[in-house]
Amino acid sequence: MAGTDADEGRIVVGVSGSLGSLAALHHAVAEARRRDVEVLAVLCWIPPGDEYGFRRSVCPPALDAGRDAAVARLRQALDQAFAGGPVGVRLRGQAVRGETGHTLVHCADRPGDVLVLGAGRERGRLSRLFAPSVAAYCVRHASCPVLTVPRPQLQRDLEALERGHGLRELMSGVEASRLRHKA
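First things first, this report covers the structure right here in the doc. (Residues numbered from 1 in each chain as written. Predicted model: local features only at pLDDT ≥ 70, side-chain atom pairs only at ≥ 80, totals over all residues. Heavy atoms only, no water.)

### Re unusual backbone geometry
Peptide bonds are, in most cases, trans, and in most cases residues other than glycine have a negative phi.
Line of reasoning, step 1. A positive phi angle is found at D36, which is not glycine, with a value near 55°.
Line of reasoning, step 2. Tracing the backbone shows D36 in the loop between α1 (19-35) and β2 (38-45).
Line of reasoning, step 3. Residue class for D36 comes out partly exposed when judged on its relative accessible area of 32%. (Helix = DSSP H or I, 4+ residues; strand = E, 2+ residues; numbered from the N terminus. Buried < 20%, exposed > 50% of the residue type's maximum accessible area, 1.4 Å probe, protein only.)

Now the structure itself:
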């Protein structure tokens, strides 16, 4: 049967539950259908208090709680993306402990793998300095092709509203829509 050999690769997709990651998940499933390969949905997580803080004060119950929360977030993201219905491809979810970029690159390590990511939010220079882009990290370090899926229009509109911009544009779009429906 096609798609069962490990050498054929997989579509590895980073999942966080954001609108961008859900768009990436849909794109990954469409690509997997086309190639007849498995989708590995990966949600990366770090222990409460970050890895450094966890190493200084090891607390197994906190680690278990962090892992359980990550698994629950992954299940919720998959349910939101596909409404609990069948997706038409082999889909496996995995919550993996580690920094996002490094962990995703490590997961997409088979020959023929493709790594799919949501493009993420627009960020200023200062935030890019302290928290580099996961997509940029993956493009630089992955041994497989990396595909970034643009942010959905809804996410861009919501981000503009959060910044206090875009309300006028959003409202003018609503007005234009009303005028089209009246005509």
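Having seen it, we continue.
### Things to note about the sheet that holds strand β1 (residues 10-14)
Line of reasoning, step 1. The strand order across the open sheet built from 5 strands is β3-β2-β1-β4-β5, with neighbouring strands paired in parallel fashion. On the outer flanks of this sheet lie β3 (91-97) and β5 (146-149), each paired with one strand and no other. For this sheet the average axis-to-axis angle between neighbouring strands, irrespective of direction, equals 25°.
Line of reasoning, step 2. Pairing of β1 with β2 involves 5 bridges; the strand directions are parallel. Considered in β2, the bridge of V13 is made with A41.
Line of reasoning, step 3. In the packing of α1 onto the sheet, the strands contacted are β1, β2, β4 (114-118) and β5, and the crossing angle to β1 comes to about 175°. (Pairing = 2+ DSSP bridges. Axes fitted to C-alpha atoms, helices over the stretch in contact; angles between N-to-C directions. Contact = heavy atoms within 4.5 Å.)

### Quick notes on the pattern of salt bridges
Line of reasoning, step 1. One pass over the structure, following the stated rule, counts 7 salt bridges.
Line of reasoning, step 2. Across the pair E31 and R35 runs a salt bridge, and its minimum N-O distance is 2.6 Å. Residue E31 and its partner R35 are both found in helix α1; the two are separated by 4 residues, about one turn of the helix.
Line of reasoning, step 3. As a salt-bridge pair, R90 and D36 come within 3.9 Å of each other at their nearest N and O atoms. A residue pair is termed long-range when its members are at least 10 positions apart, and R90 in the loop between α3 (60-82) and β3 and D36 in the loop between α1 and β2 qualify at 54 residues.
Line of reasoning, step 4. In this structure R90 comes out as partly exposed when scored by relative accessible area, which is 30%.
Line of reasoning, step 5. Ionic contacts of the salt-bridge type, sharing partners, join the residues R10, D109 and D113 into one network. (Salt bridge = Lys/Arg side-chain N within 4 Å of Asp/Glu carboxyl O.)

### What about the packing of helix α4 (residues 100-107) against helix α6 (residues 134-141)?
Line of reasoning, step 1. Relative to each other, α4 and α6 sit at 40°, their axes nearing to 9 Å. On the basis of the axis angle, α4 is oblique to α6. For the pair α4 and α6, the crossing hand works out as right-handed. Two secondary-structure elements touch here, α4 through T100, G101, H102, L104 and V105 and α6 through V134, Y137, C138 and H141.
Line of reasoning, step 2. Class assignment of the residues belonging to the contact of α4 with α6 gives a composition of 5 nonpolar, 4 polar and no charged. (Parallel < 35°, antiparallel > 145°, perpendicular 65-115°, else oblique. Left-handed = near helix turned anticlockwise from the far one by under 90°. Nonpolar A, V, L, I, M, F, W, Y, C, P; charged D, E, K, R; others polar.)

### A short note on the side chain of E31
Line of reasoning, step 1. Classification of E31 as buried rests on a relative accessible area of 15%.
Line of reasoning, step 2. In terms of polar contacts, E31 uses its side chain to reach the side chain of R35, at 2.6 Å. (Polar contact = N/O pair within 3.5 Å; in protein donor to acceptor, adjacent residues only side chain to side chain.)

### With respect to the side chain of R10
Line of reasoning, step 1. In this fold, R10 is placed in strand β1.
Line of reasoning, step 2. There is a polar contact of 2.7 Å between the side chain of R10 and the backbone oxygen of C107.
Line of reasoning, step 3. At 2.8 Å, the side chain of R10 and the side chain of D113 are in polar contact.

### Things to note about the nonpolar core
Line of reasoning, step 1. Grouped together as the largest cluster of nonpolar side chains are 26 residues, with contacts concentrated most on I11, V13, L25, V39 and V116.
Line of reasoning, step 2. Listing elements by their share of this core, those giving two or more residues are β1, α1, β2, α3 and β4.
Line of reasoning, step 3. A total of 7 residues in this core trace back to one element, the largest contributor, which is α3.
Line of reasoning, step 4. Excluding anything up to four places from it in sequence, I11 contacts A28, E31, A32, R35, V37, E38, V39, L40, V114 and V116.
Line of reasoning, step 5. Judged by nonpolar contacts, the second largest core, of 15 residues, contains C44, L104, V105 and C107. (Core = buried A, V, L, I, M, F, W, Y, C linked by side-chain atoms within 4.5 Å.)

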